[in-house]
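One letter stands for each residue in the lines below.
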There are 2 protein chains.
Amino acid sequence: MLARFTPRSRRETRATVLENLLRSGGAFRPTIARETNLTEASVSRILTELRNENLIQETRQSAPYPGGPTALVTLSNNVALAGIELSNSRLSFGIGDPSGALNYVERLPASPHLDQGEFERLFAESVRTMRDWSAHRGTVIRQAALSIPGYGRAAGNPIYPWDMDRLRNFLADTLDGVPVALTNSVIAQAAFHRYSNTTKYPVSGDHLFLFVGHGVAGVIVDESAPVDAFSAVEIGHMVIERDGLPCRCGHKGCVEAYTSLRAIAKIIGVADSAVLSRGDSFIETLVLDQGVHDTLRERLFTLGLGLGNALNLHPLSSVVISGWPSLMPEEDRKAITEGLNDSLLGGFDESRLALSFIAPSIGNDPRAALYYAAYCFVRGGGLDAKADPRAALEEIA
Amino acid sequence: MLARFTPRSRRETRATVLENLLRSGGAFRPTIARETNLTEASVSRILTELRNENLIQETRQSAPYPGGPTALVTLSNNVALAGIELSNSRLSFGIGDPSGALNYVERLPASPHLDQGEFERLFAESVRTMRDWSAHRGTVIRQAALSIPGYGRAAGNPIYPWDMDRLRNFLADTLDGVPVALTNSVIAQAAFHRYSNTTKYPVSGDHLFLFVGHGVAGVIVDESAPVDAFSAVEIGHMVIERDGLPCRCGHKGCVEAYTSLRAIAKIIGVADSAVLSRGDSFIETLVLDQGVHDTLRERLFTLGLGLGNALNLHPLSSVVISGWPSLMPEEDRKAITEGLNDSLLGGFDESRLALSFIAPSIGNDPRAALYYAAYCFVRGGGLDAKADPRAALEEIA
DNA sequence: CACACTAATTACACAGTGTAAATATGCAGG
DNA sequence: CCTGCATATTTACACTGTGTAATTAGTGTG
């Protein structure tokens, strides 16, 4: 972040500035220049351009120090974005803006066994309603994003075994004209935590965002790139115990088989959905017998073991964990570090690895997809998707 | 590889062209332009520049087709490079050129328990001799590289637990003026296989180079970048069996504990070094009883299991394996795919994952380090290391 | 109200590229 | 040996995007 990256395409520079604004939620020019490694001159040029396109707003603020800056730059909330989330239990649609505000929401129940045809019917109808709503208000949706659990795996999606080309074509047709990004739910989650200002994000710099829910998935957040990059990493199906518990993927001994919400729910004896919906205190509200408690710790240990293996392959110095483990008492979470200690090369060392926990977000759908849409919009420099062929190359699986 | 990357720094463009030449071992201009995504005009400008600096040579060749190109461009063998390799058994020094030719070699026995002081003594003396040799001939070493097993781990090097800052300073002092790159032996191995023209490298495109020797290490070769990037990946210490065999790292059940040369040598009942030195037919020359044979297959299965886990985390569609498994009969190597089938999400599928084997190189030291030096020289655009501050950012761990 | 201090804009020079026109080169056929 | 074809190679020019530094603008303090 020290050196100056001299000539880039305008799109890239715009993306850098826009992304900085998305992340900060609003900033003064000198700060932008510092964080993006651009000169104030460049920032000025870019902002002028963006202002003319109504992508940013400047609100007067009294200067924070003598001679200080006077206008706070924020992303314009005139930019309409659509977020759509498919989860195990529902399909949600929302329209909002880069600040994360949701101005329109529709949520439909959806079966976890939704087939592609049913999905298309549900989707098409809701999109019609959604677009009517936006047409009425005269807003043009600049970017849409759809998040789907398990999306993007090379081997195909084991949860929704759909034809992805058909899906992409369907989306392009249905949302005609509106650029759509398809992504994995975990990536959307990561974007949510990273860009929503409600939660203070506990780290900066490259890190792993680990989400333990129905699946166990990681997202590597690469902040050294000019624009943040999120890439999904398959952790849940790492085989950690030969001939271990059977997993829904068909293998045995996967991390997911031990630590997924489903596995945990079974141990505690409640329904999957109940675990998270009880919020912070799901554990406290249960009268746990010692056996259950020990088993949960054991599962956290397993998670740590898998995480350590993952970190051996992807050396990163900080990890943010979200999902049910974040709801566990701190004392129990230590089992994760014990597991880490047994697999991370050199053992667990607090000074080399920062672990933090962040509460999972419940009932916020489709905010995660909305933030992901904002990220995509910003990543493209706020320009039309097709304008630069390079964009295609940067697409993240 | 389709889009054109517009403005880059001159250094980067030079690096791209030079690296292309290193990889191809010589090419015609139209080919270079195509492969580097540069216009012929740019290639022409860059080559003119490089020719003036004596970094490349053009040899007349009859055109391969009417009106075809007439000059084959190669890296100049006037560029002197030094490769230095530290291995379990010896320390070798060499001077050569980008074609891989070694003009000077010195090899000294070295203990696997070499301490840092002893290393420095040995090193300093040999470097003196080496530099005398080059001074006599009036050659100036443009880039040196030193490869060390286990180098670059965040947790420190378990094999040579040295002070790395001290080592870096020592090298800078001893080789004063000559830029030195320090790297892991596996990365040097990967560079060797990739750039030496003797072996036909079996893949193109991003892939994993897996080396199974004293350790089990992977190198991700990223060819989508303008200049190839090699990054080491720790596979050997993935815990694959809870409470499994003890590993030298202190943990239990690491892949290395099952599949390293040491582990295999013990099973077969020969010395570590004997396994590889017998070359291609080390297995055939042994009268294996069924038990030994089964155990070896079992170990290959374990390797496959670990590799599958690694590929879940780093999705890549081809893997090149080198080391003792490459010497095994094809029939036995299938155990690797069986292991892969049990851990790779979606199972092993020939159409999604290409596995290839490449014989380990024996007694070639310090050629691997020499190729790595060539890579570093080329990566820097053939310019002095300090000229562009950005180079520091691109340093690979 | 002037001053001190920093922000924001803008003119200019520079690096690096692609396009396209101009020039060079080799081969085949007479 | 010469001609013409087919492509390679070089070069002039225009364009993009940047940093530097000079200029202009804005704010709080005494």
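Residues numbered from 1 in each chain as written. Chains lettered and ligands numbered in written order. Predicted model: local features only at pLDDT ≥ 70, side-chain atom pairs only at ≥ 80, totals over all residues. Heavy atoms only, no water.

- An unreviewed UniProt entry annotates chain A as Sugar kinase of the NBD/HSP70 family, may contain an N-terminal HTH domain of Xaviernesmea oryzae.
- Check the Sequence similarities (unreviewed entry) section of the UniProt entry for chain A; it says "Belongs to the ROK (NagC/XylR) family." (UniProt positions renumbered as here; feature names shortened; annotations may be inferred.)

Details of the interface of chain B and chain A
No. 1: The partner chain A presents 38 residues to the 38 residues of chain B that form the contact.
No. 2: Counting each side, the surface lost to burial between chain B and chain A is near 3500 Å², with a carbon and sulfur contribution of 62%.
No. 3: Ranking the residues of chain B by area buried against chain A places B:Arg242, B:Leu313 and B:Leu345 at the top, with a combined share of 24%.
No. 4: Counting every contact that joins chain B to chain A gives four salt bridges.
No. 5: Note that A:Arg242 and B:Glu298 form a salt bridge whose closest N and O atoms lie 2.6 Å from each other. (Contact = heavy atoms within 4.5 Å. Buried area = accessible area lost by both parts, 1.4 Å probe. Salt bridge = Lys/Arg side-chain N within 4 Å of Asp/Glu carboxyl O.)

Some remarks on the protein's contact with DNA strand D
No. 1: The environment of DNA strand D is made up of 25 residues, and the closest members are A:Thr13, A:Arg60, B:Arg29, B:Ser44 and B:Tyr65.
No. 2: Restricting the count to atoms of DNA strand D within 4 Å of the protein gives a sugar and phosphate share of 75%.
No. 3: Measuring from a phosphate oxygen of DNA strand D, one finds a backbone N or O atom of A:Arg10 at 2.9 Å.
No. 4: For DNA strand D, a phosphate oxygen lies 3.1 Å from a polar atom in the side chain of A:Thr70.
No. 5: Looking at the surface near DNA strand D, the elements that each hand over two or more residues are helix H1 (10-24) and helix H3 (40-52) of chain A together with helix H2 (29-36) and helix H3 (40-52) of chain B.
No. 6: Examining the composition of the surface near DNA strand D, we find that five residues originate from one element, H3(B), more than from any other.
No. 7: Within the surface near DNA strand D, the residues separate by chemical class into six nonpolar, 10 polar and nine charged. (Near = heavy atom within 4 Å. Polar contact = N/O pair within 3.5 Å; in protein donor to acceptor, adjacent residues only side chain to side chain. Helix = DSSP H or I, 4+ residues; strand = E, 2+ residues; numbered from the N terminus. Nonpolar A, V, L, I, M, F, W, Y, C, P; charged D, E, K, R; others polar.)

Let's talk about the nonpolar core
All names here are of chain B.
No. 1: Counting residues in each nonpolar core, the largest one holds 50 residues, and the members touching the most others are Phe 209, Phe 230 and Tyr 372.
No. 2: Of all the secondary-structure elements, those providing two or more residues to this core are helix H1 (10-24), H2, H3, strand S2 (71-75), helix H6 (185-195), strand S8 (207-212), strand S9 (216-222) and helix H13 (367-379).
No. 3: A total of 10 residues in this core trace back to one element, the largest contributor, which is H13. (Core = buried A, V, L, I, M, F, W, Y, C linked by side-chain atoms within 4.5 Å. Buried < 20%, exposed > 50% of the residue type's maximum accessible area, 1.4 Å probe, protein only.)

Thoughts on the pairing of strand S5 (residues 102-109) of chain A
A regular strand places its side chains on the two faces of the sheet in alternate fashion.
No. 1: Here strand S4 (residues 90-96) of chain A runs beside S5(A); their pairing, made up of seven bridges, is antiparallel. Across the sheet, the residue bridging to A:Ile95 is A:Tyr104, located in S5(A). (Pairing = 2+ DSSP bridges.)

Quick notes on the sheet that holds strand S9 (residues 216-222) of chain A
Residue and element names in this part refer to chain A.
No. 1: In space, the five strands of this open sheet follow the order S10-S9-S8-S11-S12, with mixed pairing throughout. Unpaired on one side and paired on the other, strand S10 (229-234) and strand S12 (354-358) mark the two borders of the sheet. Neighbouring strand axes in the sheet, compared pairwise and without regard to direction, differ in orientation by 25° on average.
No. 2: Relative to strand S8 (residues 207-212), helix H10 (residues 290-313) is tilted by about 150°, and along the sheet it contacts S8, S9, strand S11 (318-323) and S12.
No. 3: The strands touched by helix H12 (residues 330-343) are S11 and S12; relative to S12, the strand with the most contacts, the crossing angle is about 145°. (Axes fitted to C-alpha atoms, helices over the stretch in contact; angles between N-to-C directions.)

Comments concerning helix H13 (residues 367-379) of chain A
Residues and elements named next belong to chain A.
No. 1: Taking 1.5 Å of rise per residue, the 13 residues of H13 would be expected to cover 18 Å, and the 18 Å separating its terminal C-alpha atoms lies within 8% of that figure.
No. 2: Counting buried residues along H13, 12 of its 13 residues qualify, which places the element largely inside the surrounding structure.
No. 3: Where H13 is concerned, the buried positions are Ala 368, Ala 369, Leu 370, Tyr 371, Tyr 372, Ala 373, Ala 374, Tyr 375, Cys 376, Phe 377, Val 378 and Arg 379. (Expected span 1.5 Å × (residues − 1).)

Considerations on the environment of A:Asn103
Residues and elements named next belong to chain A.
No. 1: Inspection of the secondary structure puts Asn 103 in strand S5.
No. 2: Asn 103 sits in the partly exposed class, given a relative accessible area of 47%.
No. 3: Counting along the chain gives 23 residues from Asn 103 to Ala 80, while the straight-line C-alpha distance between them is 9.5 Å.
No. 4: Beyond its immediate sequence surroundings of up to four residues, Asn 103 is in contact with Ile 95, Gly 96, Asp 97 and Trp 133.

As for the environment of A:Ser326
All names here are of chain A.
No. 1: The residue Ser 326 is located in helix H11 (residues 324-327) in this model.
No. 2: With near-sequence residues (within four places) excluded, Ser 326 lies in contact with Ile 321, Arg 333, Phe 357, Ile 358, Ala 359 and Pro 360.
No. 3: For Ser 326, the side chain forms a polar contact with the main-chain oxygen of Ile 358, separated by 3.0 Å.

Notes on the side chain of A:Thr337
All names here are of chain A.
No. 1: Looking at the secondary structure, you find Thr 337 in helix H12.
No. 2: Here Lys 334 takes part through its backbone oxygen, which lies 2.6 Å from a polar atom of the side chain of Thr 337.
No. 3: Those residues in contact with Thr 337 that lie beyond four places of it in its chain are Phe 348 and Leu 355.

Description of the relation of the copies chain B and chain A
No. 1: Its rotation angle being 180°, the transformation that places chain B on chain A also includes 0.0 Å of axial translation and leaves an RMSD of 0.0 Å. Here the two chains are linked by the operation of a two-fold rotation axis.
No. 2: A shared binding surface is used by both copies, with 100% of the interface residues of chain B retained as interface residues in chain A. (Least-squares fit on C-alpha atoms with pLDDT ≥ 70 in both.)

Here we look at the pattern of salt bridges
All names here are of chain A.
No. 1: Evaluated as defined, the whole model comprises 46 salt bridges over all chains.
No. 2: Its salt-bridge partner being Glu 331, residue Lys 334 comes within 3.7 Å of it at the nearest N-O pair. Here Lys 334 and its partner Glu 331 are both found in helix H12, three residues apart, which amounts to about one turn of the helix.
No. 3: Look at Glu 331 and you get partly exposed, because its relative accessible area is 49%.
No. 4: Among the charged side chains, a network of salt bridges with common partners joins Glu 19, Arg 23, Arg 194, Glu 223 and Asp 228.

Here's the deal with the domain arrangement of chain A
The figure often quoted for interface size is the accessible area lost as the parts come together.
All names here are of chain A.
No. 1: According to the domain assignment, chain A consists of domain 1 (10-75), domain 2 (80-189 + 364-394) and domain 3 (200-358).
No. 2: Taking only C-alpha atoms, the centre of domain 2 and the centre of domain 3 are 27 Å apart.
No. 3: Facing the eight residues of domain 2 at the interface are 14 residues of domain 3.
No. 4: Interface of domain 2 and domain 3: buried area, both sides summed, is about 940 Å²; carbon and sulfur atoms make up 68% of it.
No. 5: Among the residues domain 2 hides against domain 3, the three largest losses belong to Val 186, Ile 187 and Tyr 375. Together they make up 50% of the total.
No. 6: Where domain 2 touches domain 3, the interface holds one salt bridge.
No. 7: With its nearest N and O atoms 2.8 Å apart, the salt bridge here joins Arg 153 to Glu 234.
No. 8: Taken together, the links from domain 2 to domain 3 amount to three residue pairs in polar contact (both at pLDDT 80 or more). (Domains from an automatic or database assignment.)

Description of the protein's contact with DNA strand C
No. 1: With respect to spatial proximity, 25 residues lie near DNA strand C, and among them A:Arg29, A:Ser44, B:Thr13, B:Ser42 and B:Arg60 are the closest.
No. 2: Considering the 4 Å shell around the protein, atoms of DNA strand C inside it are sugar or phosphate in 80% of instances.
No. 3: Between DNA strand C and B:Arg10 there is a distance of 3.0 Å, counted from a phosphate oxygen to a backbone nitrogen or oxygen.
No. 4: Listing elements by their share of the surface near DNA strand C, those giving two or more residues are helix H2 (29-36) and H3 of chain A together with H1 and H3 of chain B.
No. 5: Ranked by the residues each element gives to the surface near DNA strand C, the list is headed by H3(A), at five residues.
No. 6: When the residues that make up the surface near DNA strand C are grouped by side-chain class, the tally is seven nonpolar, nine polar and nine charged.

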